[in-house]
Amino acid sequence: AMGGGVLLTGSNAKFDKVRISGNRSAYGGGIGLQGDSNLTVNDSEIADNFAFERGGGLATGNFFATTSPALIRFGTGVRMSGNMAELGGGIAIGAGTELEIAPNPLVQGGTLLAIEGNEANGNGGGLWVASAVGTIPAGILNATGLGVRINVAGKTGGGLYSLGRAVVRDREFAFNHADNDGGG
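Now for a description of the structure that goes with this document. Model, not experiment: these values are computed from the prediction. (Residues numbered from 1 in each chain as written. Predicted model: local features only at pLDDT ≥ 70, side-chain atom pairs only at ≥ 80, totals over all residues. Heavy atoms only, no water.)

**Quick notes on the side chain of asparagine 118**
Using the following cut-off: Working definition: helices are DSSP H or I runs of at least four residues, strands are E runs of at least two. Numbering for both runs from the N terminus. Residues are treated as being in contact if the distance between any of their heavy atoms lies within 4.5 Å.
Inspection of the secondary structure assignment puts asparagine 118 in the loop between strand E15 (113–116) and strand E16 (119–120). Not counting chain neighbours up to four residues away, the residues in contact with asparagine 118 comprise Met80, Ser81, Gly82, Asn83, Gly89, Gly90, Gly125, Ile150, Asn151 and Val152.

**Describing the pairing of strand E2 (residues 12–16)**
Defined as follows: With a 1.4 Å probe rolled over the protein chains alone, any residue whose accessible area is under 20% of its type maximum counts as buried; one over 50% counts as exposed, and the rest are partly exposed. By this definition, two strands are paired if DSSP reports at least two bridges between them.
A one-sided burial pattern is seen for E2, the buried positions being Ala13 and Phe15 and the unburied ones Asn12, Lys14 and Asp16. As defined by bridge partners, E2 adjoins strand E6 (residues 37–42) across five bridges and the pair is classed as parallel. Each residue of the ladder has a partner; that of phenylalanine 15, found in E6, is valine 41.

**Topic: the sheet that holds strand E13 (residues 91–93)**
Test applied: Lines are fitted to the C-alpha atoms to define the axes, a helix being fitted only along its stretch in contact, and any angle between axes, read from their N-to-C directions, falls within 0 to 180 degrees.
Spatially, six strands are ordered E1-E5-E9-E13-E17-E21 in an open sheet, and the strand pairing comes out parallel. At either margin of the open sheet sits one strand with a lone partner, and together these are strand E1 (6–9) and strand E21 (160–162). Between one strand and the next, the sheet's axes are offset by a mean angle of 10°, whatever the strand orientation. As paired strands, E1 and strand E5 (residues 31–34) are joined by four bridges and run parallel to one another. By the bridge assignment for E5, leucine 8 is matched with leucine 33.

**Comments concerning the nonpolar core**
Our working definition: Note on terminology: a nonpolar core comprises buried Ala, Val, Leu, Ile, Met, Phe, Trp, Tyr and Cys residues joined through side-chain atoms within 4.5 Å.
Judged by nonpolar contacts, the single largest core of 28 residues is most densely connected at Ile31, Leu39, Leu58, Ile91, Leu99 and Ile101. Here this core gets three residues from one element, more than from any other, and that element is strand E10 (residues 68–74). Beyond its immediate chain neighbours, meaning those up to four positions away, isoleucine 31 contacts Gly3, Val6, Phe15, Ile20, Leu39, Ile46, Gly57, Leu58 and Ala59. Counting residues in each nonpolar core, the second largest holds nine residues, with Met2, Ala59, Trp128 and Tyr161 among its members.

Here you go:
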């Protein structure tokens, strides 16, 4: 199952002053994005969710041989915290998906999407990007304006663990921890 709190499948949604918390799922404990989905978030929190497999706070998924885009636009006061999963405590980008995370151009002021205090038992305390699976291409992260702080991985990549492609601009990685390699 995907999307314990919210599941978007090829759709658009806007969240303003919303708290998504206490949800459970195999993939995307808080939010699941499938297909070409767009999410705009302002003054909201995705917290204390749990995924048995991937993406405690949010997971993207696509099961086809072509890459499916997903977009998250964030405004002020958006926080992803206290989420847990085996892989990608905060966010997991699955094979066959490209997730773009960027500030909402309609919101004034410099903002960061705060990805803080998440935990993965395996890899990617804050973020995890999947490798290719058979004919399904590797996951892609294209992000601007992330504050990735105080996340923990039981194995590798306290802040970010990528087997796919990750491009991150205007970001802060601070105080992340991994038991094996790549604390930042």
